[in-house]
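One letter stands for each residue in the lines below.
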Amino acid sequence: MDTDALYEKLKNFQESKGYFFNKDSEKVNELLEALITNKERYGYMVCPCRLASGEQKDDRDIICPCEYREPDVKEFGSCYCSLYVSIEWNKGEISHEYVEERRPLEKMPGF
Amino acid sequence: MTEKDVKIFSLSTCSHCKSSKKLFDECSVQYDFIDVDLLDKEEKGLIMKDIKELNPRCSFPTIVIGDKVIVGYREDQIREALKI
């Protein structure tokens, strides 16, 4: 699957749930490419901005869309890696702040 | 003014990490980086210990500019640390 196909596959469904792709299409393409890379690497689409353990059971919470997208978009208007944002974020009605890592430390891979 | 050492602990897939590297490139700042996701398991274990000391949240990018640690792509803090 290439990024265009993934974009089409995700767009309508995610928008119906209130999550919109970042208006920065270059960043979106970069992130979709990274998701495809991670799918090939690990077998599942783990968040491009988080370190995967490589064990699906341990990475379930950061498989895109991650568990933290909902609270992050609610609080910041953007998910952690800024693939998904709110309409207000895209319109610039809310400031584009840095999204803190919400994932609990104990879930981070220690290797 | 001596140039500060700049190092990024990054992920090859992370867009914030790419933005940080891009900013350094655009400002002709010399830097080292380690794409932690590309390391083998043992190396990852060692590096994660180093990162945890710098950034207890173990998130990426973790950027070290001289003795200052910046977590995440925070352009204002990066520019201020480098006076650029």
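Everything numeric in this text was worked out from a predicted model, so none of it was measured.

Here is what the cut-offs are and how they apply
Residues numbered from 1 in each chain as written. Chains lettered and ligands numbered in written order. Predicted model: local features only at pLDDT ≥ 70, side-chain atom pairs only at ≥ 80, totals over all residues. Heavy atoms only, no water. Helix = DSSP H or I, 4+ residues; strand = E, 2+ residues; numbered from the N terminus. Rg over C-alpha atoms; globule rule 2.2 N^0.38 Å. Buried < 20%, exposed > 50% of the residue type's maximum accessible area, 1.4 Å probe, protein only. Areas by Shrake-Rupley, 256 points an atom, 1.4 Å probe, with all protein chains shown as cover. Lys, Arg positive; Asp, Glu negative; His and termini not counted. Charge placed at Lys NZ, Arg CZ, Asp CG, Glu CD. Expected span 1.5 Å × (residues − 1). Polar contact = N/O pair within 3.5 Å; in protein donor to acceptor, adjacent residues only side chain to side chain. Core = buried A, V, L, I, M, F, W, Y, C linked by side-chain atoms within 4.5 Å. Contact = heavy atoms within 4.5 Å. Buried area = accessible area lost by both parts, 1.4 Å probe. Salt bridge = Lys/Arg side-chain N within 4 Å of Asp/Glu carboxyl O. Axes fitted to C-alpha atoms, helices over the stretch in contact; angles between N-to-C directions. Parallel < 35°, antiparallel > 145°, perpendicular 65-115°, else oblique. Nonpolar A, V, L, I, M, F, W, Y, C, P; charged D, E, K, R; others polar.

Draft legend 1. Highlighting the overall build of chain B. A tally of helices and strands in chain B yields three helices and four strands. Its C-alpha atoms give chain B a radius of gyration of 12 Å, within 12% of the compact-globule value 12 Å for 84 residues. Dimensions of chain B, computed from C-alpha atoms along their principal axes, come out at roughly 40 × 25 × 20 Å. Looking at chain B as a whole, 46% of its 84 residues qualify as buried. With an accessible surface of roughly 4600 Å², chain B has 49% of that area assigned to carbon and sulfur atoms. For chain B, the distance from the average site of its 14 positive side-chain charges to the average site of its 16 negative ones is 6 Å.

Draft legend 2. Up close: helix α2 (residues 41-54) of chain B. Residue and element names in this part refer to chain B. An ideal rise of 1.5 Å per residue puts 20 Å on 14 residues; α2 measures up with 20 Å between its terminal C-alpha atoms. Within α2 the residues assigned to the buried category are Lys 44, Gly 45, Ile 47, Met 48 and Ile 51. The N-capping residue of α2, defined by a side-chain oxygen 3.0 Å from the backbone nitrogen of Glu 42, is Asp 40.

Draft legend 3. A look at the nonpolar core. Core analysis: the biggest nonpolar cluster contains 40 residues, and Leu 32 and Leu 83 of chain A together with Val 36 and Phe 60 of chain B have the highest contact counts within it. Here the element with the most residues in this core is helix α2 (residues 25-42) of chain A; it accounts for six residues. Look past the residues within four positions of Leu 83 of chain A in its chain and what remains in contact with it is Phe 20, Phe 21, Asn 22, Val 28, Leu 31, Leu 32, Leu 35 and Cys 64 of chain A.

Draft legend 4. Unusual backbone geometry, seen in detail. Going from Cys 64 of chain A to Pro 65 of chain A, the amide bond is cis rather than trans, its omega being -5 degrees. Here Phe 60 of chain B and Pro 61 of chain B are connected by a cis peptide whose omega angle stands at -5 degrees. Mapped onto the secondary structure, Pro 61 of chain B falls in the loop between α2 and β3 (62-65). The backbone phi angle of Ser 82 of chain A is positive, close to 65 degrees, even though this residue is not glycine. Mapped onto the elements of the fold, Ser 82 of chain A is located in the loop between α4 (69-76) and β2 (84-85).

Draft legend 5. Representation of the interface of chain B and chain A. Taken together, the contacts link 25 residues of chain B with 26 residues of chain A. For the pair chain B and chain A, the summed buried area comes to about 1900 Å², and 55% of that belongs to carbon and sulfur atoms. One can count two salt bridges joining chain B with chain A. Across the contact surface, chain B and chain A share nine residue pairs in polar contact (both at pLDDT 80 or more). Of all the secondary structure elements, the ones that give two or more residues to the side of chain B that touches chain A are α1 (15-26) and α2 of chain B. Residue contributions to the side of chain B that touches chain A peak at five residues, all from α2 of chain B.

Draft legend 6. Looking closely at the packing of helix α1 (residues 3-16) of chain A against α2 of chain A. Residues and elements named next belong to chain A. Where α1 contacts α2, the two axes come as close as 9 Å, and the packing angle between them is 100 degrees. Judged on the interaxial angle alone, α2 and α1 are roughly perpendicular. Only Val 28, Asn 29, Leu 32, Glu 33 and Ile 36 of α2 make contact with α1, whose side of the interface consists of Thr 3, Leu 6, Tyr 7 and Leu 10. Classifying every residue of the contact of α1 with α2 by side-chain character gives six nonpolar, two polar and one charged.

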